[in-house]
Amino acid sequence: MRASMMQVAAAKYMAYILLLALSPLLAAAQSDDTPQLGITTSFPGNELSLVKNGQLNRVVFSISNLPSADRVLTLEGITGAFLNQKKLDGQRGRVVRNMTTTKLKSVPLRMVGGKPVQVPYDFHSEFKPQNMDVEFRLLVADGQTSKAHNLLAYKGSVTIVEPPKSWFDIQLLSLYALLAAGIAFSGSFAYKSYLGGSKRKGGSTRKAVEPATAASVAAQSPAASSKTGYEEDWIPEQHLRTRSKKGKGKS
Ligand SMILES: *[C@@H]1O[C@H](CO)[C@@H](O)[C@H](O)[C@H]1NC(C)=O
């Protein structure tokens, strides 16, 4: 009896000593609760990390999170910043501009089938072409502690470029070219038929040219060479019917 009571007391004492020895470790574990995530950042279809001005530029984060029953992590937002390459972190002027923060609806950072969680982020740039550093940050919430963590996901350099001329510009230019050609053609046509024609009034050359032009016009648009002399495709069916009826009545 006595011996066992002594044993219990000794065991309690040992447990107490053990707890004292462990307590700093437990405290450390509690304070350093930064989520340990594996994050890789890619610029899909953009190996050179070009950032085009005036349009959205995409990066995709692949986030691996080791399964843990007692820790539910969710992604609440993504943000980033453009950084001056000539300054060091923390130095004045290092952050040139913060990117727009994208808020997310608590995306669970839970890997399904061992696959990382993929999250895209689009950002915008309006800088003159140059090399810059960028960094992206993930805002992660811990469901147990309700703590928000701001984790650095990526830091690297990008090249700011102006986007190539858009199709709209090219189409506009070709439209201008077409209009200019049209004006030039009608100008030369008017010159020939009025000024050039008056000089050679009754000349044999003009007579020779006229039938050829008429023939070529007819060949170009077969529809125009029909009896009516105009393209019936353009006229609503009803009109055509009423016209033909009128025509019949007259004759
Ligand atoms: C701007 O970006 C820097 C660098 O990422 C960050 O430290 C800072 O908190 C950001 N500021 C705001 C207002 O988001």
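Residues numbered from 1 in each chain as written. Predicted model: local features only at pLDDT ≥ 70, side-chain atom pairs only at ≥ 80, totals over all residues.

With that settled, the discussion passes to the overall build of the chain. Secondary structure assignment for the chain yields four helices and nine strands. Along the chain, helices (α) and strands (β) appear in the sequence α-β-β-β-β-β-β-β-β-β-α-α-α when read from the amino end. Among the 251 residues that make up the chain, the fraction classed as buried is 9%. Long-range contacts, defined here as pairs at least 24 residues apart, represent 68% of the contacts in the chain between residues at least 6 apart. (Helix = DSSP H or I, 4+ residues; strand = E, 2+ residues; numbered from the N terminus. Buried ≥ 20, exposed ≤ 12 C-beta atoms within 10 Å, placed from the backbone. Contact = placed C-beta atoms within 7 Å.)

Within the structure, the ligand sits among T79, A81, V95, N98, E135 and R137. If you list the elements that add at least two residues to the shell around the ligand, you get β4 (73-83), β5 (95-98) and β8 (130-142). A breakdown of the residues in the shell around the ligand according to their chemical character gives two nonpolar, two polar and two charged. (Near = placed C-beta within 6 Å. Nonpolar A, V, L, I, M, F, W, Y, C, P; charged D, E, K, R; others polar.)

Here β4 pairs with β8 via 10 bridges, running antiparallel. In the sheet register, L75 faces β8, and the bridge partner there is V140. When β8 meets strand β9 (residues 148-161), the two strands line up antiparallel, connected through 12 bridges. Its bridge partner lying in β9, D133 is registered against S157. Between β8 and the antiparallel strand that follows it, β9, lie five residues; S146 among them carries a positive phi value of about 60 degrees. (Pairing = 2+ DSSP bridges.)

Here the focus is the nonpolar core. Nonpolar side chains in soluble globular proteins tend to be buried together. F61, L109, Y121, F136, L138 and V140 are the most contacted members of the largest nonpolar core, which has 17 residues in total. Apart from residues no more than four positions distant in its own chain, V140 is found in contact with P35, L73, L75, E76, L109, H149 and L151. (Core = buried A, V, L, I, M, F, W, Y, C linked by C-beta atoms within 7 Å.)

Here the focus is the sheet that holds strand β7 (residues 117-123). Taking strand neighbours across the sheet as the criterion, the three strands line up as β1-β3-β7 in an open arrangement whose pairing is antiparallel. Because the sheet does not close on itself, it has two edges, and the strands there are β1 (38-42) and β7. Between one strand axis and the next, the sheet turns through 25 degrees on average, direction left out of account. When β1 meets strand β3 (residues 57-64), the two strands line up antiparallel, connected through five bridges. Residue pairing for β3: I39 is matched across the bridge by I63. (Axes fitted to C-alpha atoms, helices over the stretch in contact; angles between N-to-C directions.)

The next point concerns unusual backbone geometry. Although it is not a glycine, S49 adopts a positive phi angle of roughly 55 degrees. Here S49 is to be found in the loop between β1 and β2 (50-52). On the neighbour-count criterion, S49 (15 C-beta atoms within 10 Å) is partly exposed.

Our next topic: the environment of D70. As for its placement among the helices and strands, D70 is situated in the loop between β3 and β4. Taking the number of C-beta atoms within 10 Å as the measure of exposure, D70 has 6 and is therefore exposed. Between the alpha carbons of D70 and Q144 there is a distance of 7.7 Å; along the sequence they are 74 residues apart.

This part takes up the UniProt feature "transmembrane region" (unreviewed entry) in the chain. The UniProt feature table records "transmembrane region" (unreviewed entry) at residues 173-191. Helix and strand shares over residues 173-191 are 100% and 0% respectively, and the end C-alpha atoms of the span are 27 Å apart. (UniProt positions renumbered as here; feature names shortened; annotations may be inferred.)

Scored by pLDDT, the chain comes out at a mean of 78, with 65% of its residues at no less than 70. The low-confidence segment residues 201-209 (pLDDT under 50) makes three contacts with residues lying over four places distant or belonging to another chain. Low pLDDT, under 50, characterises residues 221-226; the stretch is placed with six contacts to residues that sit more than four places away or in other chains. (pLDDT = per-residue confidence, 0-100.)

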